[in-house]
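Remarks on the overall topology
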Amino acid sequence: MMEVEEGNFDEAYDVYACMQCGKCTGSCAVSLRSDLNIRELMRIAILNENGELEKHEEIWDCTSCGICTVRCPRDLKPAEVIVGMRSSLVEGGTIPVTVRDALESVGTNNNPWGRPKSKRAEWLEDLDVKVKNISEGEDAEYLLYIGCTASYDPRIQSVSRAAINVLTKLGVDFGILGEEEPCCGSEPRMMGETGLFEMLVEDNLNLFDEFGISKIITLSPHAYNTFVNDYPECAKRLKEDDAEIPDIELEVKHYTQILEELIDDGRLDGEMMNEFSETVIYHDPCYLGKRNNIFEPPRKILNIIPGARCIEFDRREDRSLCCEGGGGRMWAEGTGTGERNSIIRVNDANRDGATVIAVACPFCLSTLEDARATAGYEETMRVMDIFEILDEVLK
């Protein structure tokens, strides 16, 4: 069997249970414009055809959206098999240059964007509100985990500032880590760098323990997913290998869950907002929806905004069309040709009469923003994070 970090492919992913039905490939939106064929990759894993992997550049086309896992009638995890295959390629050094550079940047700069760690908190400079910095000894109930993309990408930094403004207005007791904030490790893990991910988990859990952090609010569904689903499993494995892992339990919530709680507690309602006379269509992020079944909180928030006419995509919730931003695809161009999913998505939104596409993920915001410009909707449509909408309408 092909060796993976946890053992062999059958032990790690139970690939022998695959009956080659093809539902994984049939449900994969990327496969429509790429050679990515998940059923074939599952077959390679089953037959232990190690030498075949290097021939399959399309392994890097996978966005790790998780739809293949949702659709698998045997409850297997084909997306994780692809991560395991990427791990084999990383170990062998046969990976795209852009992926290599991103992984090296995480190791040296603590972010995949090639930016210095000292610049991580520059987005704070234009803020008019005082923000607690937990790394400087200030106490707060929640750590607001900003993440790499929302710290460095100029467009996404707007979401970080909106989050600070909104949570401050709503009286949430939170702080940040500023320059001390680490990379969560989600994208290195999905790109197959298991060793780097394990190092980040060990370092980050010790950092959280040092600063007394037990409650975290994330801007990104990718950070949410890795903190909730990947960290406990990885920490358990590291402890078995005698790594120094603190005994802390993290309570992690995506920001839409916190806002939903504020609505339920009567601390956020439409009377606190100005009119928002827009037709709003919500795009479900894969890592919030397909991977974690969080569908209602974003919709509950949007539906209390006065003046907003909320509509839905035909492909929504666990059928939502992936924007192609996850799984390391921000750093891997991929082999696909033809129309990108993000272009299809903004065309669908335009057809349905939307003037605002609401998102709750930095990668979705980035890909759909680019697609809006490419498709020529800059004058007729906006792509906005839910935090940006609230920042605009809150009195």
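Here, every reference points to the structure presented above.
Quick look at the structure, then. These numbers were taken from a predicted model, which means no experiment stands behind them.

1. Notes on the sheet that holds strand β4 (residues 142–145)
Overall, parallel pairing links the five strands, which are arranged β3-β5-β4-β6-β7 in an open sheet. Looking along the sheet, the strands with just one partner apiece sit at the ends: β3 (132–133) and β7 (251–254). Two strands pair when backbone bridges link them, and β3 and strand β5 (residues 174–176) are joined in this way by two bridges, in the parallel orientation. Bridged to Asn133 within β5 is Ile176. Packing of helix α11 (residues 221–240) onto the sheet brings it into contact with β4, β6 (215–218) and β7, and relative to β7 it is tilted by some 155 degrees.

2. Brief notes about the environment of Glu202
Residue placement: Glu202 occurs in helix α10 (residues 194–210). For the pair Glu202 and Gly334, spaced 132 residues apart in sequence, the C-alpha to C-alpha distance is 31 Å. Setting aside chain neighbours within four positions, we find Glu202 in contact with Leu238, Ala243, Glu244 and Ile245.

3. Notes on unusual backbone geometry
With the exception of glycine, most residues fall at negative phi, and the peptide bonds are largely trans. In this model, Gln20 sits at a positive phi of 55 degrees, which is unusual for a non-glycine residue. With respect to the element layout, Gln20 can be found in the loop between α1 (9–13) and α2 (23–27). Of note, the phi angle at Glu324 is positive, near 75 degrees, even though the residue is not glycine. Along the chain, Glu324 falls in the loop between β9 (309–312) and α14 (341–351).

4. A word on the pairing of β9
One ladder, built from four bridges, connects strand β8 (residues 279–282) with β9; its direction is parallel. In the sheet register, Val280 faces β9, and the bridge partner there is Cys310. Remark: the β8/helix α13 (residues 296–303)/β9 crossover connection has right-handed handedness.

5. Brief notes about α10
Spanning 17 residues, α10 covers 24 Å between terminal C-alpha atoms, matching the ideal 24 Å at 1.5 Å per step. If you check the start of α10, you find a side-chain oxygen 3.3 Å away from the backbone N of Gly195, and it comes from Glu193.

6. Notes on helix α5 (residues 78–92)
Along its 15 residues, α5 runs 21 Å from first to last C-alpha, staying within 8% of the 21 Å computed at 1.5 Å per residue. Counting buried residues in α5 gives twelve out of 15 residues, a clear majority hidden from the surface. Along α5, the positions that sit buried rather than exposed are Pro78, Ala79, Glu80, Val81, Ile82, Val83, Gly84, Met85, Arg86, Ser87, Leu89 and Val90. Two residues or fewer after α5 comes Gly93, characterised by a positive phi angle close to 75 degrees.

7. Description of the pairing of β7
As judged from the four bridges shared by β6 and β7, these two strands associate in the parallel manner. Residue pairing for β7: Thr218 is matched across the bridge by His254.

8. Thoughts on the nonpolar core
One finds Leu144, Leu259 and Phe387 to be the most contacted residues of the largest nonpolar core, which totals 126 residues. Excluding residues within four positions of it along the chain, Leu259 makes contact with Val166, Leu170, Leu268, Ile301, Phe387 and Leu390. One finds Cys65, Ile67, Val83 and Cys286 within the second-largest nonpolar core, a separate group that totals seven residues.

9. Section: the pattern of salt bridges
All chains considered together, the criterion is met by 27 salt bridges. Across the pair Asp264 and Lys300 runs a salt bridge, and its minimum N-O distance is 3.1 Å. Placement of the pair is Asp264 in helix α12 (residues 255–264) and Lys300 in helix α13, with a sequence separation of 36 residues. For Asp264, a relative accessible area of 53% translates into the label exposed.

10. Here we look at the packing of aromatic side chains
According to the stated counting rule, one finds seven aromatic pairs in the structure shown. Ring geometry for Phe197 versus Tyr231: centroids 5.9 Å apart, planes at 80 degrees, classification edge-to-face. A residue pair is termed long-range when its members are at least 10 positions apart, and Phe197 in helix α10 and Tyr231 in helix α11 qualify at 34 residues. Comparing Phe197 with Tyr231, the two get one shared label, buried. An angle of 20 degrees between the planes, with centres 4.1 Å apart, marks the rings of Tyr255 and Phe387 as stacked. Remark: Phe387 occurs in helix α16 (residues 386–393) and Tyr255 occurs in helix α12; sequence separation between them is 132 residues. Considered together, Tyr255 and Phe387 belong to a single accessibility category, that of buried residues. Through pairs of rings, three or more aromatic residues link up here, namely Tyr145, Phe197, Phe208, Phe227 and Tyr231.

11. Description of the sheet that holds strand β11 (residues 382–385)
The four strands lie next to each other as β9-β8-β10-β11, forming an open sheet whose pairing is parallel. Of all strands in the sheet, those bounded by a partner on one side alone are β9 and β11. Across the sheet, the axes of successive neighbouring strands diverge by a mean angle of 35 degrees, strand direction being ignored. The sheet contacts of α13 involve β8, β9 and β10 (356–359), and relative to β8 the element is tilted by about 175 degrees. Its contacts with the sheet put helix α15 (residues 362–375) on β10 and β11, and the angle it makes with β11 is roughly 170 degrees.

12. A word on the side chain of Asn341
As for its placement among the helices and strands, Asn341 is situated in helix α14. Looking at Asn341, the relative accessible area reads 3%, which means it is buried. For Asn341, the contacting residues outside a window of four places in its chain are Ala29, Arg33, Leu321, Cys322 and Glu324.

Criteria and cut-off values
Residues numbered from 1 in each chain as written. Predicted model: local features only at pLDDT ≥ 70, side-chain atom pairs only at ≥ 80, totals over all residues. Heavy atoms only, no water. Pairing = 2+ DSSP bridges. Helix = DSSP H or I, 4+ residues; strand = E, 2+ residues; numbered from the N terminus. Contact = heavy atoms within 4.5 Å. Axes fitted to C-alpha atoms, helices over the stretch in contact; angles between N-to-C directions. Right-handed = clockwise from strand over helix to strand, strands pointing away. Expected span 1.5 Å × (residues − 1). Polar contact = N/O pair within 3.5 Å; in protein donor to acceptor, adjacent residues only side chain to side chain. Buried < 20%, exposed > 50% of the residue type's maximum accessible area, 1.4 Å probe, protein only. Core = buried A, V, L, I, M, F, W, Y, C linked by side-chain atoms within 4.5 Å. Salt bridge = Lys/Arg side-chain N within 4 Å of Asp/Glu carboxyl O. Phe/Tyr/Trp six-rings, centres within 6.5 Å; stacked < 30°, edge-to-face > 60°.

Read these as geometric descriptors, not functional statements.
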